[in-house]
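# Topology and contacts: notes
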Amino acid sequence: MLKNSLLLVALSVTSAIAAWGIVDTKGLADIAASLVTIQFTSRGWFIMLTVSAILLVSIGLAVSRYGRIKLGQDTDEPEFGTIPWLTMLFAAGMGVGLLFWGAAEPITHYLMIRGYETAREATDLALFVTNFHWGFHAWAIYALTGLVIAYFSYRLGCPSLVSAPILKVLGRNKVTAIVGWLVDVLSIIAIAIGLGGSVAMGVFQVREGIDALLGLQDSGLGMALGIFAVLCLSYVIPLTVDLGRGMALLSNIAMIVAGLLLLFLLVFGPTHFIMSSIVQSLGEYLGAFFVQGFRTYTFMDEKVENWFQAWTLTYMVWWLAWAPFVGVFIARISRGRTIREYMLGVLVVPTAFSILWFGVFGSIGFYGVLHSDVPILEVVESNVSRTTFFVLQQFPAQTLTIAGVVVAAFLFIVTSVVSAAFVLGMFSTGGNLNPSIKVKLSWGFVLGALGLVMILSGSVEAVKQIIALGALPFIYIIILLMVCLLKALKAERPQ
């Protein structure tokens, strides 16, 4: 391990960021916010143009003749069945975020949009924007990154590194070697910071769930740190076992709990209202998601501009932060599938589930806004982390459902840390598909330290800003990867 310069530099840099954040959390958050604002103000149009191009390329590859190419040799077969494959990629990609933002995000958008539209029009727009943030554009970022790694690794025999396509297509020399090394380091930093932020948000939500179960108003930092300590102990064992056994079991349990929760709310909630909302929001999303990908709100006022930066741009770079991690992890579990099968699975299924998820949670929230006097708007404004549990408290068996969310959120955090430590181990050991337990545990420690930094910030907004700062360089990396993929595919010329 000591002979690996990439591993040493990556561990040193991420550890230094973690130490800085622990010693001066506010200073790190303030610098991140300042730099991110500068980038969003001057490069927001470029971010939207890039993610839209990524989606177009992803769809184009799925429907083209290249869709028949296997991610591996022609005789390779998938290692995982379709259902375990989908649950693993979904749990690693967005699981805890869906639990956190299910009702909170649509209502947050509603609070801003209602200043410009009627209440009922604002609900439509709020659900549409939420679906846009979690839909095709987000998963295209993951899908394309994973496709590049899988194609070059399993089809062309390159190491499972973000830099491998660059060296393969452009050739190895002093310049490309330096560029490739920097690409790997920046990818590792983006993964580590992005995962640390998600750990913090998961801990915040678990804390709110425990508060709701115990009837507490605000258990504060002490409870969060206690949950964090239990989390760290919980992911040690999965890091020491086989990826398939560890991840598949935990992600399947988490997805089953989430699925049962969704079904429960659909049955016991205002079913007609929810289903009507889902159908309508699905149609509106399919009819306008492409145009929305190019929308920059150039002619709107400062309030809308700030909202656009705080939400849409932040989400796009957040997915970019997770792209090396989720992309490489998806590549690892997708060997043997065709490009068409891969793209359809990664783009369509998670997007459909996200629309269903936000359709159920968002509709229940809006039902409370439009048809009752439940103070859900006040809850969102005062403590966004509590929103999901406030919704569940309006239903029967609230203790069971709240406990289910707490368990699912906790498992989603564990699966995210385990898969991220695995991918970081791959990257930092030259693309080793089975990094040693020592390396994975080292990254587990660093990810825990970065999560602690985000928890100490005490703010969801601060977490989002720090993640965005770590992710911004990857937008240029993914453009380079996309060019390398298209050039390599063109050379293959499938019949």
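Notes on the structure follow.

### Here we look at helix α19 (residues 474–492)
With 19 residues, α19 ought to run about 27 Å at 1.5 Å a step, and its terminal C-alpha atoms sit 27 Å apart, in line with that. All of the buried residues along α19 are Phe474, Ile475, Ile477, Ile478, Leu481, Met482, Cys484, Leu485, Ala488 and Leu489.

### Points about unusual backbone geometry
A negative phi holds for most residues other than glycine; trans holds for most peptide bonds. Residues other than glycine seldom take positive phi values, yet Tyr297 does so here, at roughly 55 degrees. The topology assignment puts Tyr297 in the loop between α11 (271–292) and α12 (302–333). Accessibility expressed as a relative area gives 19% for Tyr297, which makes it buried.

### As for the pattern of salt bridges
According to the stated counting rule, one finds two salt bridges in the structure shown. Between Glu77 and Lys70 there is a salt bridge whose closest N-O contact spans 3.4 Å. Since its relative accessible area comes to 57%, Glu77 is described here as exposed. For Glu341, the salt bridge goes to Arg337, with nearest N and O atoms at 2.7 Å.

### Considering the packing of aromatic side chains
Applying the stated criterion across every chain yields a total of 25 aromatic pairs. When the centroid spacing of 6.1 Å and the interplanar angle of 75 degrees are considered together, the rings of Tyr142 and Trp319 count as edge-to-face. Placement of Tyr142 in helix α6 (residues 136–155) and of Trp319 in helix α12 is noted, with a sequence separation of 177 residues between them. When its relative accessible area of 0% is taken as the criterion, Tyr142 is described as buried.

### Describing the nonpolar core
In terms of nonpolar packing, the biggest core is built from 179 residues, with Leu61, Trp101, Leu265, Tyr342, Trp357, Trp443 and Leu485 touching the most fellow members. With 21 residues, the top contributor of residues to this core is α12. Excluding residues within four positions of it along the chain, Tyr342 makes contact with Leu71, Trp85, Tyr142, Ala143, Gly146, Leu147, Ile330 and Ser334.

### Some details on the packing of α12 against α19
Two quantities define a packed helix pair, namely the angle between the axes and the distance from one axis to the other. Remark: α12 packs on α19, axes separated minimally by 9 Å, with the N-to-C direction vectors making an angle of 55 degrees. Considered as vectors, α12 and α19 are oriented oblique to each other. In the packing of α12 onto α19, the handedness of the crossing is left-handed. For the pair α12 and α19, contact is made by Leu320, Ala323 and Pro324 and by Phe474, Ile475 and Ile478, respectively. For the contact of α12 with α19, the per-class residue count stands at six nonpolar, no polar and no charged.

### Overview of a nonpolar patch on the surface
Taken together, the side chains of Trp45, Leu49, Leu56, Phe290, Val291 and Phe294 make up a nonpolar region of the molecular surface, amounting to roughly 590 Å² of accessible area. For the nonpolar patch, the element with the most residues is helix α2 (residues 25–63), which contributes three residues. Topologically, Trp45 is positioned in helix α2.

### Remarks on the side chain of His133
Locating His133 in the fold gives a position in helix α5 (residues 119–134). Of the residues examined, His133 reaches a relative accessible area of 0% and is grouped as buried. Reaching out from His133, the side chain makes a polar contact with the side chain of Thr312 at a distance of 2.8 Å. Aside from chain neighbours lying at most four places away, what touches His133 is Glu105, His109, Ala138, Trp311, Thr312, Tyr315, Met316 and Trp319.

### Some points on the environment of Ala192
Positionally, Ala192 belongs in helix α8 (residues 174–214). Along the primary structure Ala192 and Gly451 are separated by 259 residues, whereas in three dimensions their C-alpha atoms are 9.1 Å apart. In this view, Ala192 contacts Thr14, Leu447 and Leu450; residues no more than four positions away in its chain are not counted.

### Here's the deal with α5
Relative to the 22 Å expected for 16 residues at 1.5 Å per residue, α5 spans 23 Å between its end C-alpha atoms, a close match to the ideal helical length. Buried within α5 are the following residues: Ala122, Thr123, Ala126, Leu127, Phe128, Val129, Thr130, Asn131, Phe132, His133 and Trp134.

Rules behind the numbers
Residues numbered from 1 in each chain as written. Predicted model: local features only at pLDDT ≥ 70, side-chain atom pairs only at ≥ 80, totals over all residues. Heavy atoms only, no water. Helix = DSSP H or I, 4+ residues; strand = E, 2+ residues; numbered from the N terminus. Expected span 1.5 Å × (residues − 1). Buried < 20%, exposed > 50% of the residue type's maximum accessible area, 1.4 Å probe, protein only. Salt bridge = Lys/Arg side-chain N within 4 Å of Asp/Glu carboxyl O. Phe/Tyr/Trp six-rings, centres within 6.5 Å; stacked < 30°, edge-to-face > 60°. Core = buried A, V, L, I, M, F, W, Y, C linked by side-chain atoms within 4.5 Å. Contact = heavy atoms within 4.5 Å. Axes fitted to C-alpha atoms, helices over the stretch in contact; angles between N-to-C directions. Parallel < 35°, antiparallel > 145°, perpendicular 65-115°, else oblique. Left-handed = near helix turned anticlockwise from the far one by under 90°. Nonpolar A, V, L, I, M, F, W, Y, C, P; charged D, E, K, R; others polar. Patch = residues over 30% accessible without salt bridge, like charges linked within 9 Å, V, L, I, M, F, W, Y side chains within 5 Å. Areas by Shrake-Rupley, 256 points an atom, 1.4 Å probe, with all protein chains shown as cover. Polar contact = N/O pair within 3.5 Å; in protein donor to acceptor, adjacent residues only side chain to side chain.

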